[in-house]
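Understanding the architecture of this molecule
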Amino acid sequence: MNLEKLTARVSQELDTAFPADFPVAERENIMGIIHRAMLDASKRTHREMKETAIICCGPEADLSHKIQEQMDKKRNLLISNLMAMR
């Protein structure tokens, strides 16, 4: 999933959907809502994947911790990218 492309596409679709005289403050408010929704979805998906990895790799706790570290790094990178797009 390329969130940069997704964010650009959603922004473009919203720009075309809003009338030209739509207030900038409201437009920014709506984009903030969408941004928070994307972050929430990302965090929820990450949490569910982490729980699954821990359940699947129960006896191999070291492997599960390595997977968790990688997922945390990717989540942090995703959040940084989303914050930069604001």
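Just so it is clear, the structure is predicted and the values come from calculations on it, not from any experiment.

Attention now moves to the overall build of the protein chain. If you tally the helices and strands in the protein chain, you get three helices and zero strands. Order of helices (α) and strands (β) in the protein chain, N terminus to C terminus: α-α-α. Counting across all 86 residues of the protein chain, residues that qualify as buried make up 22%. For the protein chain, restricting intrachain contacts to residue pairs at least 6 apart in sequence, the fraction spanning at least 24 positions comes to 54%. For the protein chain, the exposed area adds up to about 6500 Å²; of that, 57% sits on carbon and sulfur atoms.

Below, the discussion takes up the pattern of salt bridges. Note on pairing: side chains with opposite charge can pair once their charged atoms come close. Inspection of the entire model under this criterion finds two salt bridges. D72 is paired through a salt bridge with R75; the nearest N and O atoms lie 3.4 Å apart. Of this pair, D72 and R75 both sit in helix α3 (residues 61-85), three residues apart, which is roughly one turn of the helix.

It is worth spelling out the confidence of the model for the protein chain at this point. When pLDDT is averaged across the protein chain, the result is 78; 86% of the residues are at 70 or more. Taken element by element, the protein chain is modelled with least confidence in helix α1 (residues 3-17), mean pLDDT 77, and with most confidence in helix α2 (residues 24-56), mean pLDDT 80.

What follows covers the packing of aromatic side chains. This model, assessed by the stated rule, comprises one aromatic pair. With a centroid separation of 4.3 Å and an interplanar angle of 10°, the aromatic rings of F18 and F22 are classed as stacked. The class of F18 is buried, set by a relative accessible area of 14%.

The next point concerns α2. Turn by turn, an α-helix covers 3.6 residues, leaving residues three or four places apart pointing in a common direction. Taking 1.5 Å per residue as the helical rise, α2 with its 33 residues ought to reach 48 Å, and the 48 Å between its terminal C-alpha atoms agrees with that figure. Listing the buried residues of α2 in full gives G32, H35, M38, L39, S42, H46 and A53.

Rules used throughout
Residues numbered from 1 in each chain as written. Predicted model: local features only at pLDDT ≥ 70, side-chain atom pairs only at ≥ 80, totals over all residues. Heavy atoms only, no water. Helix = DSSP H or I, 4+ residues; strand = E, 2+ residues; numbered from the N terminus. Buried < 20%, exposed > 50% of the residue type's maximum accessible area, 1.4 Å probe, protein only. Contact = heavy atoms within 4.5 Å. Areas by Shrake-Rupley, 256 points an atom, 1.4 Å probe, with all protein chains shown as cover. Salt bridge = Lys/Arg side-chain N within 4 Å of Asp/Glu carboxyl O. pLDDT = per-residue confidence, 0-100. Phe/Tyr/Trp six-rings, centres within 6.5 Å; stacked < 30°, edge-to-face > 60°. Expected span 1.5 Å × (residues − 1).

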